[in-house]
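# Close look at the chain arrangement
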Amino acid sequence: MTRIKRLETIARHHGFTDFKWIDPKAIIVSQWVRMKCEYGCPNYGRIASCPPNTPTVEECRRFFAEYHTGMVFHFQQVIKDTRKRRAWSTKVNVGLSKVERDLFLAGYPKAFMFFQGACRLCAECVAARAECKKPELSRPTPEAMAVDVFATVRQLGYPIEVLTDRSDQMNRYAFLMVE
Ligand code: SF4
């Protein structure tokens, strides 16, 4: 089995079938994304895998530059109810964590997953990374790594729009870096 086929098989095994390959050089990291975290996002300083618990924008850039292979996973949903949306997101993120773990165990030590939504694996989160209750599972989102998800996934032909209503269709994206 080729390396690509092997990686895709592991992703599909966990039920993730809507994905595209991306050259990490095409991942756009921008300072404005971090500004949006700092000024406007209610998760800032409240989630142990969100800024300021993530690397600086420059460190994020250096991180992505260390990879030659990436995958983008697409999730399309309409879930108006906040509680149901969070439950769905948590279930997806747990599955994404399993993909990363399986890849690691399959001989890809650099495998690193970025969740499609803020980590809510615990009922109550903590403000500091060092206090995270499930450090082996929790991962940042691409946005928390200053990735301009809008510009990046549009290059792949994936849909993404600013949502103006809770009943709008969501297009969320998880990123996997792997060698
Ligand atoms: S695993 Fe729990 S404590 Fe850690 S970031 Fe996620 S929700 Fe917060």
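Everything numeric in this text was worked out from a predicted model, so none of it was measured.

Bringing the overall build of the protein into the picture now. Counting its secondary structure elements, the protein contains 5 helices and 4 strands. Start at the N end of the protein and walk to the C end: the helices and strands fall as α-β-α-α-β-α-β-α-β. Here the protein has a C-alpha radius of gyration of 15 Å; the compact-globule value for 179 residues is 16 Å, and the two agree. Its C-alpha atoms put the protein at 45 × 35 × 30 Å along the principal axes. Long-range contacts, defined as pairs at least 24 residues apart, comprise 77% of the intrachain contacts of the protein with a sequence gap of at least 6.

Quick look at the site of the ligand now. In the region of the ligand, 14 residues are neighbours, and Cys119, Cys122, Cys125, Cys132 and Ser138 sit closest. Classifying every residue of the shell around the ligand gives 9 nonpolar, 2 polar and 3 charged.

This next bit is on the nonpolar core. With 40 residues, the main nonpolar core has Val99, Met113, Val147, Ala174, Phe175 and Leu176 as its most contacted residues. Broken down by secondary-structure element, the contributors of at least two residues to this core are α1 (3-13), α3 (57-65), β2 (70-77), α4 (82-105), β3 (112-114), α5 (149-155) and β4 (170-177). Broken down by element, the residue count for this core peaks at 5 residues, all from β4. Not counting residues within four places of it along the chain, the set of residues in contact with methionine 113 comprises Leu96, Ser97, Val99, Glu100, Arg139, Ala174 and Leu176.

Okay, the sheet that holds β3 next. If you trace the 4 strands from one edge of the open sheet to the other, you get β1-β2-β4-β3, paired in antiparallel fashion. Both edges of this open sheet fall to β1 (19-22) and β3, since each of them pairs with a single strand only. Strand-to-strand twist across the sheet, computed as the mean angle between neighbouring axes with direction ignored, equals 20°. Two elements, β1 and β2, share 4 bridges in a ladder whose sense is antiparallel. Across the sheet, lysine 20 pairs through a bridge with valine 72, a residue of β2. Most of the contacts of α4 go to β3, to which it runs at about 165°, and overall it touches β2, β3 and β4.

With respect to the helices, strands and loops of the structure, phenylalanine 112 is situated in strand β3. Each C-alpha atom of the pair phenylalanine 112 and arginine 139 lies 8.5 Å from the other, and the pair is 27 residues apart in sequence. Phenylalanine 112 has contacts with Glu100 and Met177, leaving out every residue within four places of it along the chain.

Residues Leu7, Ile10 and Ala11 constitute the buried set of α1. For α1, the angular spread of the buried residues around the axis is 100°, confining them to a single face. α1 presents Lys5, Thr9, Arg12 and His13 as exposed residues on the side facing more than 90 degrees away from its buried surface. Positive phi shows up at glycine 15, right after α1, with a value of about 90°.

In the segment running from proline 51 into proline 52, the intervening peptide bond is cis, with an omega of 5°. Position of proline 52 relative to the elements: it lies in the loop between α2 (31-38) and α3. Here alanine 146, not a glycine, exhibits a phi torsion of approximately 65°, which is positive. Relative to the elements of secondary structure, alanine 146 occurs in the loop between β3 and α5. With 27 C-beta atoms packed within 10 Å, alanine 146 lands in the buried category.

Time to look at the packing of α1 against α4. It is at 9 Å that the axes of α1 and α4 come closest, and there the two elements cross at 145°. Crossing geometry of α1 relative to α4 is assigned as right-handed. Across from Leu7, Ile10 and Ala11 in α1, the residues of α4 making contact are Val99, Asp102 and Leu103. Of the residues that constitute the contact of α1 with α4, the class distribution is 5 nonpolar, no polar and 1 charged.

Calculation rules
- Residue numbering note: each chain is counted from 1, following its sequence as written.
- Whole-chain, interface and lining totals are the exception, using all residues; otherwise, since this is a predicted model, local features are given only for residues with pLDDT of at least 70 and side-chain atom pairs are given and counted only at 80 or more.
- A run of H or I in DSSP becomes a helix once it reaches four residues, and a run of E becomes a strand once it reaches two; helices and strands are each numbered from the N terminus.
- A radius of gyration in this sense is built from C-alpha atoms; the matching globule rule multiplies 2.2 Å by the number of residues raised to 0.38.
- Here, residue contact means that the backbone-derived C-beta atoms of the two residues sit within 7 Å.
- Each residue receives a C-beta atom placed from its backbone. It is near a molecule or strand if this atom lies within 6 Å of it.
- Note that Gly is not counted as nonpolar here; it falls among the polar residues with everything else outside the nonpolar set of Ala, Val, Leu, Ile, Met, Phe, Trp, Tyr, Cys and Pro and the charged set of Asp, Glu, Lys and Arg.
- Nonpolar cores are identified as sets of buried Ala, Val, Leu, Ile, Met, Phe, Trp, Tyr and Cys residues joined via C-beta atoms within 7 Å.
- Our exposure labels follow a C-beta count within 10 Å of each residue's own C-beta, placed from the backbone: buried means 20 or more other C-beta atoms, exposed means 12 or fewer, and partly exposed covers the counts in between.
- Only strands that DSSP links by at least two bridges are regarded as paired with each other.
- Between N-to-C directions, angles cover 0 to 180 degrees, with each direction set by a line fitted to C-alpha atoms, over the stretch in contact for helices.
- Arc definition: it is the arc formed by the directions from the helix axis to the C-beta atoms.
- Rotating anticlockwise by less than a right angle from the far helix to the near helix defines a left-handed crossing, while the corresponding clockwise rotation defines a right-handed one.

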